[in-house]
Structures are given as C-alpha cells and as structure tokens.
Amino acid sequence: MPLTHTRDLFAKALKGKYALGAFNVNNMELLQAIIEACEEEKAPVMLQISKGARQYANPVYLKKLIEAAVSLTTIPIAVHLDHGDSFELCRECIDEGFTSVMIDASHEPFEKNVEITKKVVEYAHKHNCVVESELGHLVGAQFDEGEEGGAHSVSGHYTVPEEAVKFVKETGCDSLAVAIGNSHGAYKFKGSQHLDLERLKLIKSALMDAGLGDYPLVLHGASSVPKELAAEINKYGGKLGADTAGVPEADIEVARRTGCTKVNIDTDLRLAMTAAIRKVFAENPKEFDPRKYLGPARSKVKDLVRHKIKDVLCCAGHAFD
Ligand code: G3H
Ligand code: 13P
Ligand code: ZN
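The model shown is predicted, which means the values in this text are computed figures rather than measured ones.

### Some points on the site of ligand 2
- The immediate surroundings of ligand 2 are formed by 15 residues, with D82, K188, S223, D266 and T267 found nearest.
- Within the side chain of H83, one N or O atom sits 3.2 Å away from an oxygen atom of ligand 2.
- Within the side chain of N264, one N or O atom sits 3.1 Å away from an oxygen atom of ligand 2.
- More than half of the atoms belonging to ligand 2 lie within 2 Å of the grid points that define the largest pocket.

### Considerations on the coordination of the zinc ion (ligand 3)
- Around the zinc ion (ligand 3), the donor atoms from the protein are H83 (NE2), H184 (NE2) and H220 (ND1), and they sit 2.1 Å away.
- Each donor residue of the zinc ion (ligand 3) lies on one chain, and together they are spaced H-x100-H-x35-H. In this pair, H184 is assigned in the loop between strand 6 (175-178) and helix 8 (197-212) and H220 in the loop between strand 7 (217-219) and helix 9 (227-235), connecting sequence segments 36 residues apart.
- Accessibility expressed as a relative area gives 44% for H184, which makes it partly exposed.

### So, the site of ligand 1
- Inspection of the region around ligand 1 gives N24, S50, D82, H83, H184, D266 and R270 as its neighbouring residues.
- Taking R270, its side chain carries an N or O atom lying 3.1 Å from an oxygen atom of ligand 1.
- Considering ligand 1 on its own, with 310 Å² of exposed area, one finds that the protein chains cover 67% of that surface.
- Of all the cavities here, the one that holds ligand 1 is the largest pocket.
- Classifying every residue of the shell around ligand 1 by side-chain character gives no nonpolar, four polar and three charged.

### Brief notes about the state of the cysteines
- Counted according to the given criterion, the structure contains zero disulfides.
- Take C314: it sits in no disulfide, and the sulfur closest to it among the cysteines is that of C315, at 7.9 Å.

### Some thoughts on the confidence of the model for the chain
- This prediction gives the chain a mean pLDDT of 95; 95% of its residues lie at or above 70.
- Residue range residues 145-155 is modelled with pLDDT below 50. Its contacts to residues more than four positions away, or to other chains, number 14 contacts.

### Some details on the sheet that holds strand 4 (residues 100-103)
- Spatially, 1-2-3-4-5-6-7-8 is the arrangement adopted by the eight strands of the closed barrel, whose pairing is parallel. Within this sheet the neighbouring strands show an average axis-to-axis angle of 25 degrees, counted without direction.
- Sheet analysis places strand 4 next to strand 5 (residues 130-135), joined by four bridges and oriented parallel. Paired with V101 across the two strands is V131, which belongs to strand 5.
- Where helix 6 (residues 110-126) meets the sheet, its contacts fall on strand 4 and strand 5, and the angle it forms with strand 5 comes to roughly 170 degrees.

### With respect to helix 7 (residues 161-171)
- By the burial criterion, the buried members of helix 7 are P161, A164, V165, F167, V168 and T171. End-on view of helix 7: buried residues confined to an arc of 165 degrees, all on one side of the axis. Across helix 7 from its buried face, at more than 90 degrees, point the exposed residues E162 and K169.
- If you follow the buried residues of helix 7, they end up packed against helix 6, strand 5, strand 6 and helix 8.
- Directly beyond the C-terminal end of helix 7, a positive phi value near 75 degrees is found at G172.

### Notes on the packing of aromatic side chains
- By the definition in use, this model includes three aromatic pairs.
- On the numbers, 5.9 Å between centres and 70 degrees between planes, the contact of F110 with F167 is edge-to-face. Here F110 is found in helix 6, whereas its partner F167 is found in helix 7, with 57 residues between them in sequence.
- Residue F167 is classed as buried on the basis of its relative accessible area of 0%.
- The interplanar angle of 55 degrees and the centroid separation of 4.7 Å between the aromatic rings of F281 and Y293 together place this pair among those described as tilted. Remark: Y293 occurs in helix 12 (residues 290-312) and F281 occurs in helix 11 (residues 267-283); sequence separation between them is 12 residues.

Analysis parameters
- Residues numbered from 1 in each chain as written.
- Chains lettered and ligands numbered in written order.
- Predicted model: local features only at pLDDT ≥ 70, side-chain atom pairs only at ≥ 80, totals over all residues.
- Heavy atoms only, no water.
- Near = heavy atom within 4 Å.
- Polar contact = N/O pair within 3.5 Å; in protein donor to acceptor, adjacent residues only side chain to side chain.
- 1 Å grid on protein atoms, 1.4 Å probe; cavity = no way out; pocket = protein on both sides within 12 Å on 5 of 7 lines; lining within 4 Å.
- Sits in = over half its atoms within 2 Å of the grid points.
- Donors = N, O, S within 2.8 Å, 3.2 Å for Na, K, Ca; no water.
- Helix = DSSP H or I, 4+ residues; strand = E, 2+ residues; numbered from the N terminus.
- Buried < 20%, exposed > 50% of the residue type's maximum accessible area, 1.4 Å probe, protein only.
- Areas by Shrake-Rupley, 256 points an atom, 1.4 Å probe, with all protein chains shown as cover.
- Nonpolar A, V, L, I, M, F, W, Y, C, P; charged D, E, K, R; others polar.
- Disulfide = S-S within 2.5 Å.
- pLDDT = per-residue confidence, 0-100.
- Contact = heavy atoms within 4.5 Å.
- Pairing = 2+ DSSP bridges.
- Axes fitted to C-alpha atoms, helices over the stretch in contact; angles between N-to-C directions.
- Arc of directions from axis to C-beta.
- Phe/Tyr/Trp six-rings, centres within 6.5 Å; stacked < 30°, edge-to-face > 60°.

The structure is reproduced here in structure tokens:
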C-alpha cells in the first residue's frame, strides 16, 4: 500500500472530529513502536521527520524504513517534514515524496514569514504536497506574564486570531501551527501556567468566520511529560529536574475538540524510551546486547502511543473510515 496523502488524513480527521497523532521518527525502534500501536488500534498516523532526524539517521535510511513499514501494514500512513527551516529543505522533502511539509519561519517578522511560506506553498502545491506553517512563537507560557500587553499583544508571542486569518489567506498554507502557550521539551510550564485554550477557540472561529471553513490547526509541543516517566528515569539514575511539566491530557482533549487536527508528540516518546533503557541497565549492568534494552524501549514507546491514540486523540478505530 502506498503512503496516504496528508490531505486525505486531515479531511477524515476533521469530519470524524478526532486528532491525528504526529509522532517523530528517528530510528527503527521508534518507527516500529508507533506503527505496531497504530496497527493494533486501527489508527491512521502521521510520521514526522525533523531536520535533526535526517541528519542523525540519513534520509535514505528513514525513507527505506518507512517503505518497510508501509509494506507491512494496512493502516494509512502520511509522512511529514517537521520544522522545515528553509525552502531548500522543504523542496528536498517534497521531491522525496513527503505528503506534507512544515515550513517554520515563525521567528521571522510577519511579512517575511508570509513570503517564505508562500514560496514553499507554491512549490508544494505544484507537486501534490501540502504545507503546514506556523504563526506566533513557541516560547511557552513563560512570556505570558509580565510583558507589556502580555500574550494578547500583537507584538507578543501568541498567535493573534486576526493575524492567523490574514496569514492563511496570504500564504495559502493548508494547516497552521498555533502558539497558545505551548512549547517543546520536558519543561513546558511553571506553577499554574497552562495552554490558552480560549485563544485557540478564537483562532478557530476567526478562520471559520473569514470563510476558511473548518480549517485544520496544529498543536506542537503536545507531550504531557508524565510524572511517572520522569520519576522512573530518575529512579534508575537519571537527573531530570523536579520541574518537568507537560500539557495535561485533559487540555489536549479540549484542543482536539476545538479543532487541533494534528497533535505533535516527540518528548513523551523520548522519555518512555529512556526510562526503559535506564531500567535495563540499572537492573542488569552486565547487559550489553542492544536488543535487550532496545526491545523493552520499543515496547514502552508502543504502550505510550497506544494510550495517546486511544485515550487522548481518539483516532483509534478510524484507520479504515
Ligand atoms: O520540535 C522538535 C521535535 O521534537 C524534533 O526535535 O529537532 O531534536 O529532532 P529534533
Ligand atoms: P514535544 O516536545 O512536546 O513532544 O513536541 C514535539 C513537537 O512539537 C514536534 O514538532
Ligand atoms: Zn514542534
């Protein structure tokens, strides 16, 4: 079975009111864990590859691994470039057959972000690929307080609903990653900080009111950083800070219901893998067969993916809709 187009996965997810899990792939075990969980739970899936993953694993290895996954399963699989940082990288991935790319020029001023995104959209659309872009800065919630104008300031870091409308109209991008207090990694919030879900609703309805329909939004930084995983890592010799914090899964559910059609998860996979490997080494320091620690790591990542797709994203059971 060939890859399934991102466009088709999005259309079905919007109709079915579930979110697609977009899981980062860096090696064979991560890929197998994701695919096995999605296969068993009959979930469609987006595999995302970052620039760093391409540098780590080599684009050809990743392509061949994904080809193997596609040939061994019947679930719909789309392949997406995560955080493409240039037109050239996006073009490379489009030429390699990715079904979607993200151009992340969100650090640029609005007009420059539009210009770069538009260039990628033009090329992508000519080559049957769709484009995710980002507006706002994923600096997390720490800038939510104390700044002049705070999160609601146009010069602030959060996505402004009216700007989102202008951006989508001017660029023609197919989905938009929003900044609503989300950030990458294992230290997302301090104290009682959380996602600005009210803003998410405003962004979604502004796009709808502007005639852009049920426009797909993307939530980056959606790992929940489970306390038990951090505790397990530390129990077996890790040194994660006491202030690890992720997005509560209840918030992800609200985000899903509010129109986040693609939900990006990487850190939780890394934590699960690390916890399993540390446990093997701590309990059996004489072990040196990689299969004996990568096997349990793969199983733990699989359990985590299964939980996300069933209990949080609600895409389980939708593979063959
Ligand atoms: O958003 C970042 C993703 O977690 C990918 O991370 O650039 O280290 O591969 P990476
Ligand atoms: P996390 O760091 O929360 O897993 O976010 C991953 C992500 O957004 C990849 O683009
Ligand atoms: Zn991201």
